[in-house]
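Residues per chain, in single letters:
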Amino acid sequence: MTHSEDHIAGLDLTDQAALGSGASFWTTKTIGTVPAIMLTDGPHGVRHQTGSATDHLGISGSEPATCFPPAVGLSQTWDPALVERIGQALGDESRALGVQVLLGPGVNIKRDPRCGRNFEYYSEDPLLSGALGAAWVRGVQSRGVGSSLKHFAANNAEHDRMRASSDVDLRTLREIYLRSFEIVVRQAGPWTVMCSYNRINGVYAAENAWLLTTVLRDEWGFDGVVVSDWGAVADRPTAVAAGLDLEMPTTGGISDAEVVRAVDAGTLDAAAVTRAAARVAGLAHRVTQTGTSATSFDIDAHHELAREAARRAIVLLKNDDDLLPLAPSPLAVIGGFAQEPRYQGGGSSHVNPTRLDIPLDEIGRLAGDHAVSYCPGTDTTAAAAAAESAETAIVFLGLTAEEESEGYDREHIDLPATQLDLLRAVVDVQPRTVVVLSHGGVVRLDAVADLAPAVLDGALLGQAGGGALADVLFGIANPSGRLAETVPLRLQDCPAYLNFPSESGHTVYGERMFVGYRWYDSREMPVTFPFGHGLSYTRFGYSDLELTTTGAGVAVRVTVTNTGDRPGREVVQAYAGLPGSRVGRPARWLAGFASATVEPGHRQTVEIPIDRTDLAYWSTDAGRWVVEAGEYAVSVGASSRDIRLTATVTLDGDEPTRPFTRESTLGELLADPVAAQTLLTVLGSASPFGATDSALGSNLLRMLESVPIGRVVGFSAGKVTREQLDELLASVNAQRS
Ligand code: BGC
């Protein structure tokens with residue numbers, strides 16, 4: 001990125017301040033030689049508003065653009081290469097529509113299923129979110145269009161989103177809530193990052209110097225523009241000092257004047273304003289000088305890509321007795337979503353699609369000459385009658401647009417009771433019943449899974465979802481989608497159940513890093529469908545797991561064999577664990593993944609590189625990632641609960657050696673071989689507690705292990721002096737260094 005101050009040479013303080021806020025709802029200002037640019041939502045389509053009605057809530061219209069599957073669907077592909085291709089298409093559409101920065105991707109972690117905006121985020125897991133977000137950024141930016149990684153950071157609820165403080169301990173922040181952002185910044189270099197509305201540990205993201213400067217720029221090397229979420233800036237001078245470059249949308253010049261006044265008053269460093277202006281100018285030059293000048297995009301090709309992605313996003317949750325795929329036969333299609341599909345979420349990401357596939361029409365096309373009856377499902381008797389006279393019933397269930405959206409959270413995760421009643425009535429008369437689900441946030445599925453022999457999870461599939469669903473139902477596509485989020489048995493089981501949403505302006509992240517499957521698996525809780533789950537119309541066997549240490553981490557190799565009778569794609573997940581870790585850790589965590597497309601009867605070796613950082617924990621003492629020395633278990637499998645093979649690998653650690661002090665405990669000293677040896681020699685001759693050698697049994701040691709060694713002086717009543725202890729510690733420290 002060119003940050004050269006040349007771009008702003010000759011601009012005075014007033015002009016520099018003016019560059020740091022919008023000219024309109026979606027554009028920056030033209031000042032001197034710095035061109036204006038247009039920023040637009042994002043993330044799963046280009047929401048380009050041209051008229052005078054502009055908004056950040058998806059209320060007013062926008063120009064037609066391809067509506068690709070929203071993040072909730074896209075994440076279920078577990079396919080970064082596909083996401084990158086979608087990014088390229090989005091970049092092309094942005095160019096054609098005159099947009100220079102596309103506001104996405106959203107990589108916030110799905111902390112609780114009630115968050116109204118979960119449909120716009122990828123996963124409960126930071127590695128998966130980061131890998132997909134990085135692919136999206138690479139794709140978009142390959143077309144000379146900037147991306148805006150959002151919403152930085154810890155923005156995991158909609159309730160009171162513009163004020164509430166996410167109160168998160170540092171280790172959890174680093175390992176979960178910042179990690180997805182870190183991966184994208186380090187791997188893909190987004191040209192902008194959007195700071196979120198909320199506070200983090202009491203400080204607004206927009207005013208958070210630690211977040212925007214220390215972590216983002218100094219540690220991760222971000223060299224782009226920090227833009228505010230729309231209306232996120234409460235105090236622009238404080239925000240500029242913290243590292244905010246661009247406030248959006250326009251404030252009509254009010255906050256520009258505040259910045260100038262703050263510099264004049266000596267409360268804001270002029271250099272901070274110059275730095276921000278230079279970054280905005282650098283971005284404006286970059287996005288206007290690169291990329292194509294196309295004025296149209298290939299609507300058909302992009303629709304086809306949207307269909308390919310939607311196919312890959314569909315998860316086959318259940319398929320008793322191989323009910324699916326269907327042969328062309330008489331069908332009863334039931335439920336309003338078959339005719340009016342729910343395919344995207346509400347709010348700023350809402351796209352005006354170029355076209356829309358209707359599931360009912362697409363199913364009809366593939367049913368051949370057989371009758372396809374349709375009932376909206378409002379009349380249960382009529383639906384049951386139609387189901388009974390068909391060979392198979394396909395029931396569309398899910399959440400309506402009103403039930404979930406940006407701007408508010410859900411209060412429960414249940415499907416409407418009327419839908420479950422409808423399903424019961426249909427299943428009573430038609431054992432061959434397939435459920436198709438549409439929803440942005442996770443819904444409770446225990447009743448559905450009990451009732452229906454086959455369940456397809458469509459989440460939100462974008463404008464081509466209708467055709468994709470028909471392709472999967474009839475076996476034109478073999479499903480390979482995987483859940484990116486656990487489906488819990490009930491809301492009460494969720495890790496943040498008692499700490500969601502905020503209370504008195506604070507959200508306490510009490511579950512710490514035990515989010516999603518990290519929680520359910522560590523507590524060995526039953527779930528309806530685990531993280532990473534998804535069936536196929538074929539079967540896969542796993543063999544020959546091999547782990548090799550490399551400088552960068554661990555290389556995993558495993559062979560996957562297609563033991564079924566049709567080609568299929570298997571998403572192989574590698575989970576790591578460290579039994580006996582000295583710090584609290586989940587039972588297992590996702591450390592890598594890859595996929596293999598294999599012909600029936602064939603096998604393929606899958607390679608999954610695991611980065612050392614993905615085996616580390618964040619040490620708040622050391623202020624960095626730390627790998628504990630030890631024997632790590634690496635398991636490969638088809639979900640976090642369907643582990644097929646496990647092997648171990650021994651890693652050298654890089655834990656810092658901290659000198660022992662009087663505050664070090666007996667336990668800490670005894671855990672160190674050098675200190676233990678010295679200590680036991682000394683204690684052997686003069687026990688400070690008056691205990692005999694033989695009384696120093698393991699139980700007594702355990703009782704004493706939390707005693708700071710400095711207190712021994714008092715306990716020993718003169719047998720060990722402070723000077724002797726200091727000498728002993730100095731000698732131990734000298735031997736260890
Ligand atoms: C959303 C952002 C969006 C912006 C502009 C905000 O309300 O949080 O994600 O990019 O509006 O529409």
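Residues numbered from 1 in each chain as written. Predicted model: local features only at pLDDT ≥ 70, side-chain atom pairs only at ≥ 80, totals over all residues. Heavy atoms only, no water.

1. Observations concerning the sheet that holds strand β19 (residues 553-562)
Now for step 1: The three strands are arranged β18-β19-β22 in an open sheet whose pairing can be described as antiparallel. Edge positions in the sheet fall to β18 (540-550) and β22 (603-611), since each of these pairs with one other strand and no more. Taken pair by pair, the neighbouring strands of this sheet meet at an average axis angle of 20°, ignoring direction.
Now for step 2: Two strands pair when backbone bridges link them, and β18 and β19 are joined in this way by nine bridges, in the antiparallel orientation. (Pairing = 2+ DSSP bridges. Helix = DSSP H or I, 4+ residues; strand = E, 2+ residues; numbered from the N terminus. Axes fitted to C-alpha atoms, helices over the stretch in contact; angles between N-to-C directions.)

2. What to know about the environment of L399
Now for step 1: Its place among the elements puts L399 in the loop between β12 (392-398) and α14 (417-429).
Now for step 2: C-alpha separation for the pair L399 and A459, spaced 60 residues apart in sequence, amounts to 9.7 Å.
Now for step 3: Not counting residues up to four positions away in its chain, the partners in contact with L399 are F337, R342, E404, R410, D414, L415, S438, H439, G441 and V443. (Contact = heavy atoms within 4.5 Å.)

3. Focus: the sheet that holds strand β11 (residues 372-375)
Now for step 1: One open sheet accounts for six strands, arranged β9-β14-β13-β12-β10-β11; its pairing is mixed. Pairing within the sheet leaves two strands with one partner each, and these edge strands are β9 (315-319) and β11. When strand polarity is set aside, the average angle formed by the axes of neighbouring strands in this sheet is 15°.
Now for step 2: Bridge count between β12 and strand β13 (residues 433-438): six bridges; the pairing is parallel. The residue of β13 that forms the bridge with L397 is L437.

4. A closer look at the UniProt feature "domain: Fibronectin type III-like" (unreviewed entry) in the protein
Now for step 1: UniProt feature "domain: Fibronectin type III-like" (unreviewed entry): in the numbering of this structure it lies at residues 570-640.
Now for step 2: Taken end to end, residues 570-640 is 0% helix and 61% strand, and its two terminal C-alpha atoms sit 14 Å from one another. (UniProt positions renumbered as here; feature names shortened; annotations may be inferred.)

5. Some remarks on the nonpolar core
Now for step 1: Counting residues in each nonpolar core, the largest one holds 141 residues, and the members touching the most others are F152, W230, V556 and L590.
Now for step 2: Among the elements that make up this core, the one with the highest residue count is helix α4 (residues 126-141) (nine residues).
Now for step 3: Once you skip the residues sitting within four places of it in the chain, W230 turns out to touch F25, W26, L39, H56, L103, M162, M194, Y197, M248 and P249.
Now for step 4: Judged by nonpolar contacts, the second largest core, of 31 residues, contains V315, L422, V435 and V455. (Core = buried A, V, L, I, M, F, W, Y, C linked by side-chain atoms within 4.5 Å. Buried < 20%, exposed > 50% of the residue type's maximum accessible area, 1.4 Å probe, protein only.)

6. Concerning the packing of aromatic side chains
Now for step 1: Taken as a whole and assessed by the stated rule, the structure comprises 10 aromatic pairs.
Now for step 2: Centroid distance W78 to F593: 5.2 Å. Interplanar angle 80°. Geometry classified as edge-to-face. Pair noted here: W78 is in the loop between α2 (71-74) and α3 (80-96) and F593 is in strand β21 (residues 589-598), with a separation of 515 residues, a long-range link.
Now for step 3: A relative accessible area of 1% places W78 in the buried class.
Now for step 4: Consider the rings of Y517 and F531, whose centres lie 4.4 Å apart with planes at 20°: the pair is stacked. Taken together, the residues Y517 in helix α17 (residues 517-522) and F531 in the loop between β17 (527-529) and β18 connect sequence positions 14 residues apart.
Now for step 5: Residue classification places Y517 among the buried positions, given a relative accessible area of 1%.
Now for step 6: The class for F531 is buried, based on a relative accessible area of 1%.
Now for step 7: One aromatic cluster is present, formed by W78, Y517, F531, Y575 and F593 through successive ring pairs. (Phe/Tyr/Trp six-rings, centres within 6.5 Å; stacked < 30°, edge-to-face > 60°.)

7. Remarks on the site of the ligand
Now for step 1: Around the ligand there are 15 residues in total, and D41, R117, K150, H151 and D229 lie nearest to it.
Now for step 2: Measuring from an oxygen atom of the ligand, one finds a side-chain N or O atom of K150 at 2.9 Å.
Now for step 3: Taking Y197, its side chain carries an N or O atom lying 3.0 Å from an oxygen atom of the ligand.
Now for step 4: Compared with its free state, where it exposes 310 Å², the ligand has 100% of that area covered by protein.
Now for step 5: Partitioned by chemical class, the residues of the shell around the ligand number five nonpolar, three polar and seven charged. (Near = heavy atom within 4 Å. Polar contact = N/O pair within 3.5 Å; in protein donor to acceptor, adjacent residues only side chain to side chain. Areas by Shrake-Rupley, 256 points an atom, 1.4 Å probe, with all protein chains shown as cover. Nonpolar A, V, L, I, M, F, W, Y, C, P; charged D, E, K, R; others polar.)

8. Quick look at the packing of helix α11 (residues 299-313) against helix α16 (residues 465-473)
Now for step 1: Remark: α11 packs on α16, axes separated minimally by 8 Å, with the N-to-C direction vectors making an angle of 50°. Taken as axis vectors, α11 and α16 run oblique relative to one another. The crossing of α11 and α16 is right-handed. Between α11 and α16, the residues in contact are R307, A310 and R311 and G465, G467, A468, D471 and V472, respectively. (Parallel < 35°, antiparallel > 145°, perpendicular 65-115°, else oblique. Left-handed = near helix turned anticlockwise from the far one by under 90°.)

9. Observations concerning empty space enclosed by the protein
Now for step 1: Summed over the entire model, instances satisfying the criterion amount to nine cavities of 30 Å³ or more.
Now for step 2: Computed from the structure, the largest cavity encloses a volume of approximately 190 Å³.
Now for step 3: Those elements giving two or more residues to the lining of the largest cavity turn out to be α4, α5 (170-177) and β21.
Now for step 4: If one sorts the elements of the lining of the largest cavity by residue count, α5 sits on top with three residues.
Now for step 5: Its residues placed into classes, the lining of the largest cavity shows nine nonpolar, one polar and six charged. (1 Å grid on protein atoms, 1.4 Å probe; cavity = no way out; pocket = protein on both sides within 12 Å on 5 of 7 lines; lining within 4 Å. Points joined across faces, edges and corners; volume = space filled by probe spheres on them.)

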